[in-house]
Each structure stands twice: as C-alpha cells, then as structure tokens.
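For reference, the chains in residue letters:
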Amino acid sequence: MASVKEAKSPGRSSRTASKSKSRSRSRSRSRSRSRGRTSSASRKRKPTTPKPKQENMESNSPARTKARTPERAATPTRKSARLQNLNLAPEERKPVIFEPYLDEEKRVPRTKKTEFGGAIGAFFMIFGLPVTVYFLNFVCTQNKCKPYLPVIPLDWQSYFDIQAAAIYLGWMAFQALLYMVPVGPVVMGQPLRSGQRLKYRCNGFISLCISLVAFGAAVYFKLPVGIVLQKFTQLITTGVVFSLVLSIILYVNARRGSNNKLAPGGNTGNFLYDFFIGHELNPRVGSFDLKFFCELRPGLIGWLMLNLVMLTEQYNKQGALPPALTMVVVFQAVYVADALWFEDAILTTMDIIHDGFGFMLVFGDLVWVPFLYGLQTRYLSLYGVKMEWYCLVFIGILNLIGYYIFRGSNSQKNEFRKNPYNPALAHLETIPTASGKRLLVSGWWGLCHKPNYLGDILMATAWSLTCGFSTPVVYFYPVYFTILLIHREYRDAEQCHKKYKASWDRYCERVKYRIFPYIY
Ligand code: NDP
C-alpha cells in the first residue's frame, strides 16, 4: 500500500517528495520544529516550481497558490469569481466555494474532540461489533429465533472454512473488477481540504445488473448457490478477518502518507481511536477509491444476493414465492438499486466528506450490512409468516412513503450541492454561510434537519413489520438504525456548527425539528 501511495502522484516534483519525507519525519520526535522548517522552505521554493496537476484530480481552489504561477494566473480570486458569476445566466453560474481551510500550507490539525466514547469506546466497538454479528447469527436459527443465550459452537470448523473464504474473496475480487470497468459517468467529488476534487467513476448500477445476471445464470445452471446459507458463519469470519486486515493496512498507509490527506475527525494520535474512526479520508490505489468502492458495492450488493438466495431456496422448497418474504426482498432490492442508480449522491454524504476510512466503515460496509441487514429475510425464510392482504398493503404504503421522503430529500440536497444555481431548485429558500456554501432551509430540508433519515427509518420499520410480532429479534434493525441515525444527526450537527457557525444557528432557529417533524 505504501508504494501504491507513492504511485498516486507520479508527476510530483522532487519538491513535493522532499516535503512529504520531511512531513513523515516530522511525525516522529520534533514534530512542531520540523513542521515550521518544512512550510517555510516550501514557501520559499514555491514561485519557481509550478505544481503539475495530479491525475484523477482537479484543482478548485484559488486559495491554494499564492505565487504567480501559470496555474494561479488561470485561477480566479474570490472577488473575480463572484463577479464573473454575476455576468452569467443563473443556469451557467458555477458554485464558488471558498472555505477558510482551503490553504495548502494548512495541515490537518490534531483531532481534539472524540466521538463514540474516544479510545475506550473504540476498543469496545472493535470487539463488540463482530460479537453482535455472531450473536444475532446464533440467536436466529432454524431451531429458535428468540432473544435467548444461544448455544455457541466451540469448534473452529464452525467459524472457518476454506470454501467460504474463497467465496468471500472471490466476490470481493469480482466486484473490484466490475468497479474498474471503464463505463459509466465520471463525477467530481466535493472540494477537499487541499482544494482539489477527486474523480469517481459511477458504474455501480451496471455492476449490480451484471451481478444479477451472474446470479440468474448460477441458478439456471443449478449451481449450489444455497452453500452461502450453510456457510453463513464462516463467511462472517472471513469478512471480519478481511475487515481487520484491510483496516490495519489503511491505518499504516495513512501514517506514512501526506498529512493533508488525513480525516479531520481521525487524527487524534491515538492508535486505537484513529484506527477505528479512520485515519485517512479518501485512501486510493491509483484511481481505485477504496472507500467509495466498499460503501456501495461488495456489501450492499452482497446483502441483496444473500436475500435472493433465501428467496430461491424457498421457491425451490414451496414451488411458489412466499408473499411476505418476496415483499421484503423487493423492498430491499429497490433500496440497493436506488443507492447504486443515484451512486453519485454518496459524494455529498458524511461518510465520504467527513469520516475517514477505518474499521468502523470497513466493518460496517463489508460485514455489518451484508450479514445483519438481512435479518428479516432470514427470519421469514426460516419461519414464514402468513399475513392478511390489508396488512401487506399497509406495509407497502409505509415503505413507499419512506422511500419518497428518503429519495426526494437526498436528491434535493445532492443536486443543490452539485450546482447551487440549478434552475429546478431556484424556488428553494437558502441561508448563506461564510464559507460560500448555502444551506437549504425550505423544501425537504425545511421540514426537519434530516428528512433523509426519517425516510430511512420508515422503510426500516416497514421491512420488520413484514415479520409480524412473534419475535423481537427482527426489530433489531429498525431499533439499532434509529439509535444510529439519532447519534449520527448529533455528529453532523456538530460538524455543521463548526463549519457554518452563526449560519447554522440561524438554520436551527428556522428548522426546529431534528428528525421527526413535530416530535423530535
Ligand atoms: P446527509 O446526506 O444528510 O449529509 C450530511 C451533510 O449534508 C452535512 O454534513 C452537510 O454537508 C449537508 N447538509 C446538511 N444540512 C444541509 C442543508 N440544510 N442544506 C444543504 N446541505 C446540508 O447525511 P448522511 O451522510 O449521514 O446520510 C446519507 C444517507 O445515507 C441518508 O439517507 C441516510 O439515511 C443514509 N444512511 C444509511 C445507512 C445505512 O446503514 N443504511 C447508514 C447511514 C446513513 P455540507 O454542508 O458540507 O455539504
């Protein structure tokens, strides 16, 4: 990974190389002294060495280059960019983003405020999250699906199996290959601390379609797809080990890399905390963005595949599709397909713009989502539930309302962030902020702070309702998810307050409710 990191910027001048060397040296003993030397030295050299543009990146920062380089001559100042925009028709105006931290010389500061209970919380989560996945896996079996102390197998074969490892790793490799297929639009990410914007190839929906065709072919040719259910625990183990190894590599690589690539929230200097929360913001291998890939591909599509295997098994057993199971599989399939269809919308979410890529996201993406989110389908395939048609209609309507709110709000914010001058959003009221960005204060974002979370919670509830009320185990998902999103809303509000200060206070005054209008 270290060599990969170097390969990321093949055109870098020796100035940049010596700078990053001195940066990594500065991490050791005399951090503050060597930091001072580095920045003053680079300041002196700057005017004579124009920095070449990096592959996969585009400069968006007028604040980056103070010297009169050719690059700078082409870069507008804050004033000229605004004036230029005023001369354009509204639909042609470009977003002018001037954030106070867009200064090359500014390093990612030490993270002072921790989340999730700091290093101690991180320690417990690193162990607690895998234990929860195993626990729920043992709690909901064909013998019983009740909240009881399950029988825990003690032989290692119950946890590890070479075939399961091969399936998991083969799936990861298959998805990685699909990710690299050069089809689909290339979208620019939000401006980074350095002012640059990363490019992302959005071919997630194509990957999903190819995965579905591959699954259909496997079923058609009668391949034993059911093996993934028999080896469910062993697949979990492979996922846990894979996540641990990947997170360690990511942490080590981040330690050796440039400071301004670190995540602002994962730079405490405490190994456990930074490892858990994510030390580097956007780790990449060349143009392969690891976080963007893991967020929506192997885990999310894997979750759908496991669901489809359960549905296929039931169809083979019963000769028909069970209504409640089919319904929840369809709902979740729509959720997954939606995420991949609107793949570029993830570029304005917290996971991409704020959180580093560490154990928390790696494990969440590669183990938690595929092996826990299917708890309802697992229960329905093991026990089956007979429900009156009007109950199913009610659940269907609840899911549709949730989806409508979820999609409408996410798209509205994403379109606005991509182009604040989008004529389709011209009717929306906004609040200006000192950073140049504006906050939506009407439309979906005037309803509550997180209309997208509200929609998500409604859908999660609808999925569990398909299982009826005979066991609370299947309600784990909506309960956990509501807690997660309430906490996430707090985290984001803190970040927004830091970014937008008085403007955020004004937004909060205008929009009173956090997630549930008139309730919370
Ligand atoms: P958001 O998509 O709400 O992104 C938060 C960012 O949006 C803020 O940091 C801010 O960034 C911007 N923002 C906030 N308020 C406004 C406003 N009024 N006007 C304009 N911009 C605003 O949050 P998440 O990233 O947490 O969630 C994305 C989606 O993913 C949600 O639908 C959520 O439900 C879902 N999700 C699903 C999970 C799952 O496991 N299924 C887990 C977590 C999330 P800035 O101003 O810098 O642009």
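Residues numbered from 1 in each chain as written. Predicted model: local features only at pLDDT ≥ 70, side-chain atom pairs only at ≥ 80, totals over all residues. Heavy atoms only, no water.

## Concerning the overall build of the protein
Okay, step 1: Of the regular secondary structure elements, the protein holds 21 helices and 7 strands.
Okay, step 2: Counting across all 520 residues of the protein, residues that qualify as buried make up 53%.
Okay, step 3: Total accessible area on the protein is roughly 24700 Å²; 64% of this is exposed by carbon and sulfur atoms. (Helix = DSSP H or I, 4+ residues; strand = E, 2+ residues; numbered from the N terminus. Buried < 20%, exposed > 50% of the residue type's maximum accessible area, 1.4 Å probe, protein only. Areas by Shrake-Rupley, 256 points an atom, 1.4 Å probe, with all protein chains shown as cover.)

## Things to note about the state of the cysteines
Okay, step 1: Tallying each qualifying case throughout the model produces 1 disulfide.
Okay, step 2: A disulfide-free cysteine, Cys496 has its sulfur positioned 8.6 Å from the sulfur of Cys508, the nearest such atom.
Okay, step 3: A relative accessible area of 8% places Cys496 in the buried class. (Disulfide = S-S within 2.5 Å.)

## Some thoughts on helix 8 (residues 204–220)
Okay, step 1: Helix length check: helix 8 (17 residues) gives 24 Å between terminal C-alpha atoms against 24 Å at 1.5 Å per residue, within 8%.
Okay, step 2: Here helix 8 has its buried residues at Gly204, Ser207, Leu208, Ser211, Phe215 and Ala218. One side of helix 8 carries all its buried residues, which in axial view fall inside an arc of 100°. Turned more than 90 degrees from where helix 8 packs its buried face, Val213 and Tyr220 sit exposed.
Okay, step 3: Buried residues in helix 8 make contact with helix 7 (162–180), helix 13 (298–318) and helix 14 (323–341).
Okay, step 4: Lys222, located one to two residues past helix 8, shows a positive phi value of around 55°. (Expected span 1.5 Å × (residues − 1). Arc of directions from axis to C-beta. Contact = heavy atoms within 4.5 Å.)

## So, the packing of helix 10 (residues 232–256) against helix 16 (residues 359–372)
Okay, step 1: The geometry of helix 10 relative to helix 16 is characterised by a closest axis approach of 9 Å and an angle of 165° between their N-to-C directions. Between helix 10 and helix 16, the interaxial angle falls into the category roughly antiparallel. The element helix 10 and its partner helix 16 pack so that their crossing is right-handed. Residues Phe232, Leu235, Ile236, Gly239, Val240, Phe242, Ser243, Leu244, Leu246, Ser247 and Leu250 of helix 10 touch helix 16, and the partners they reach there are Phe359, Val362, Phe363, Leu366, Val367 and Phe371.
Okay, step 2: For the contact of helix 10 with helix 16, the class distribution of residues is 14 nonpolar, 3 polar and no charged. (Axes fitted to C-alpha atoms, helices over the stretch in contact; angles between N-to-C directions. Parallel < 35°, antiparallel > 145°, perpendicular 65-115°, else oblique. Left-handed = near helix turned anticlockwise from the far one by under 90°. Nonpolar A, V, L, I, M, F, W, Y, C, P; charged D, E, K, R; others polar.)

## Considerations on the pattern of salt bridges
Okay, step 1: Within the structure shown, the criterion is met by 13 salt bridges.
Okay, step 2: A salt bridge links Arg407 to Asp338, with the shortest nitrogen-to-oxygen separation between them at 2.8 Å. With Arg407 in helix 18 (residues 389–418) and Asp338 in helix 14, this residue pair connects regions lying 69 residues apart in the sequence.
Okay, step 3: As a salt-bridge pair, Glu429 and Arg510 come within 3.2 Å of each other at their nearest N and O atoms. One end of the pair, Glu429, is in the loop between helix 18 and strand 6 (430–432); the other, Arg510, is in helix 21 (residues 502–510), with 81 residues separating them in the sequence.
Okay, step 4: A relative accessible area of 42% places Glu429 in the partly exposed class.
Okay, step 5: Through salt bridges that share partners, Glu115, Asp355 and Arg491 make up one connected network. (Salt bridge = Lys/Arg side-chain N within 4 Å of Asp/Glu carboxyl O.)

## Regarding the site of the ligand
Okay, step 1: Of all residues adjacent to the ligand, which total 25 residues, the nearest are Tyr373, Arg417, Tyr453, Asp456 and Tyr500.
Okay, step 2: In the model, an oxygen atom of the ligand is placed 2.5 Å from a nitrogen or oxygen of the Tyr373 side chain.
Okay, step 3: A total of 920 Å² of accessible area belongs to the ligand in isolation, and the protein chains cover 92% of it.
Okay, step 4: Residue assignment for the shell around the ligand shows that the elements contributing at least two residues are helix 15 (350–353), helix 18, strand 7 (438–440), helix 19 (451–465) and helix 20 (476–500).
Okay, step 5: In terms of residue count, helix 20 provides more of the shell around the ligand than any other element does, 6 residues in total.
Okay, step 6: Each residue belonging to the shell around the ligand can be placed in one class, and the counts come to 13 nonpolar, 4 polar and 8 charged. (Near = heavy atom within 4 Å. Polar contact = N/O pair within 3.5 Å; in protein donor to acceptor, adjacent residues only side chain to side chain.)

## Notes on the side chain of Asp355
Okay, step 1: You can see Asp355 is positioned in the loop between helix 15 and helix 16.
Okay, step 2: Engagement of the side chain of Asp355 in a polar contact is seen with the side chain of Arg491, the distance being 2.7 Å.
Okay, step 3: What Asp355 contacts, discounting residues up to four positions off in sequence, is Ala263, Leu281, Lys291, Met350, Met360, Leu361, Arg488 and Arg491.

## Topic: the packing of aromatic side chains
How two aromatic rings sit relative to each other is given by the distance of their centres and the angle of their planes.
Okay, step 1: One pass over the structure, following the stated rule, counts 40 aromatic pairs.
Okay, step 2: Ring centres of Tyr477 and Phe481 lie 5.2 Å apart, and the angle between their planes is 15°; on these two criteria the pair is classed as stacked. Of this pair, Tyr477 and Phe481 both sit in helix 20, separated by 4 residues, roughly a single helical turn. Residues Tyr477 and Phe481 agree in their burial class; the two are buried.
Okay, step 3: Among the aromatic residues, ring-to-ring pairing joins Trp303, Tyr335, Trp368, Tyr373, Phe406, Trp463, Phe476, Tyr477, Tyr480 and Phe481 into one connected group.
Okay, step 4: Sitting above the plane of the Tyr148 ring, Lys144 keeps its charged end 4.3 Å from the centroid. (Phe/Tyr/Trp six-rings, centres within 6.5 Å; stacked < 30°, edge-to-face > 60°. Lys NZ or Arg CZ within 6 Å of the ring centre and 35° of its normal.)

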